[in-house]
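So the chains spell out like this:
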Amino acid sequence: MKARDFRHAAWESLRGKWGTMVLATLIYVLILGACGTLAFIFVGGIAALLLTGAFVLGLAGMGLAAARGQSVNAGQVFDGFKQYGSSLALYLLIAIFTFLWTLLLIVPGIVKALSYSMSWYILNDDPSIGANAARKRSMELMKGHKWRLFCLQLSFIGWGILCVLTLGILTLWVTPYMETARAHFYRALTDGDAPAEQAPAAQQ
């Protein structure tokens, strides 16, 4: 499958679900936007740090459900809080490792971000796996596939420009579109794959 195939699959999966996905994205944007507004008094930045992982996990779960043809509801955006500890740990691990690789050069940071990108779907599929194991499992899945995912994400650049031109309003639609496309990418990697708990444990 090429980038356009994943985009097409995502578009088809979102039929009848756009309103729900947009509402969930709006909730996410409003809550984290409020935290950003309060960042100048420090507490907002801490709140954003503590909440982002759970919301990212919830949105990833919704994208995965849509990709699998399952029903979705806006309340699922809060499902990440059911795995709050793991979602926070995963968010911090990805942020720290990506930052450290970025200190070397921008390109290694991008490569690592792509390498860790499937972690959220893995954690949705197997909540018991834990944050670090999900990150390592993502690295295994993404071996030889990082360029494909990069091309998929780059194919949304036109939508990104339109988001800017609409003062960010279109982001409410583009975010679930991208999320569901990535979920289809994850499905393409994991169909018939080994269970997550078999991932090697010695990688960084």
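Refer to the structure presented above.
A brief report on the enclosed structure follows. (Residues numbered from 1 in each chain as written. Predicted model: local features only at pLDDT ≥ 70, side-chain atom pairs only at ≥ 80, totals over all residues. Heavy atoms only, no water.)

## Quick look at the pattern of salt bridges
One side chain can pair with another of opposite charge once the charged atoms of both are near each other. Where we set the bar: Any carboxyl oxygen of Asp or Glu within 4 Å of a side-chain nitrogen of Lys or Arg constitutes a salt bridge here. Relative accessible area decides the class of each residue, using a 1.4 Å probe on protein chains only: under 20% of the type maximum gives buried, over 50% gives exposed, and in between gives partly exposed. A run of H or I in DSSP counts as a helix once it spans at least four residues, and a run of E counts as a strand once it spans at least two, with each numbered from the N terminus.
Applying the stated rule across the entire model yields five salt bridges. Between E140 and K143 there is a salt bridge; the shortest N-O distance is 2.9 Å. Exposure remark for E140: the relative accessible area of 23% places this residue in the partly exposed category. Under the relative-accessibility criterion, K143 is labelled partly exposed at 49%. A salt bridge links R182 to E179, with the shortest nitrogen-to-oxygen separation between them at 3.5 Å. On the criterion of helical spacing, the pair formed by R182 and E179 is a turn pair, its members being three residues apart in helix α10 (residues 171-190). When its relative accessible area of 11% is taken as the criterion, E179 is described as buried.

## Notes on the environment of Y177
Let me state the cut-off plainly: Any two residues whose heavy atoms approach within 4.5 Å at even a single point are treated as in contact.
Relative to the helices and strands, Y177 is located in helix α10. Taking the C-alpha atoms as reference, Y177 lies 12 Å from G19; in sequence the two are 158 residues apart. Every residue in contact with Y177, bar those within four places of it in the chain, is listed here: R7, A10, W11, L14, W18, F156 and W159.

## Some details on the side chain of Q76
In this fold, Q76 is placed in the loop between α3 (43-67) and α4 (84-104). Apart from the residues lying within four places of it in its own chain, the contact partners of Q76 are G58, M62 and S71.

## With respect to the packing of helix α2 (residues 18-37) against α10
Just so we agree on the cut-off: Here, axes are lines fitted to C-alpha atoms. For helices the fit covers the stretch in contact, and angles between N-to-C directions go from 0 to 180 degrees. Relative orientations are named as follows: roughly parallel for angles under 35 degrees, roughly antiparallel for angles over 145 degrees, roughly perpendicular for angles from 65 to 115 degrees, and oblique for any other angle. Residue polarity is assigned by list, with Asp, Glu, Lys and Arg as charged and Ala, Val, Leu, Ile, Met, Phe, Trp, Tyr, Cys and Pro as nonpolar; anything else, Gly included, falls into the polar class.
It is at 8 Å that the axes of α2 and α10 come closest, and there the two elements cross at 110°. Comparing the axis directions of α2 and α10 gives the class roughly perpendicular. Together, W18, M21, V22, T25, L26 and V29 of α2 and T171, L172, W173, T175, P176, Y177 and T180 of α10 make up the contact between the two elements. Taken together, the residues of the contact of α2 with α10 break down into nine nonpolar, four polar and no charged.

## Details of the packing of helix α8 (residues 146-154) against α10
Short version of the rule: Handedness of each helix crossing follows the sense of rotation of the near helix against the far helix: counterclockwise by less than a right angle gives left-handed, clockwise gives right-handed.
In the contact formed by α8 and α10, the axes pass within 11 Å of each other and the chain directions differ by 160°. Compared by their axis directions, α8 and α10 come out roughly antiparallel. Seen from above, α8 lies across α10 with right-handed handedness. Facing R148, L149, L152 and Q153 of α8, the residues of α10 in contact are A181, R182, F185 and L189. Across the contact of α8 with α10, the residue classes break down as five nonpolar, one polar and two charged.

## Overview of the environment of G16
Inspection of the secondary structure puts G16 in the loop between α1 (3-13) and α2. G16 sits in the exposed class, given a relative accessible area of 83%. Residues G16 and S71, spaced 55 residues apart in sequence, show a C-alpha to C-alpha distance of 9.6 Å.

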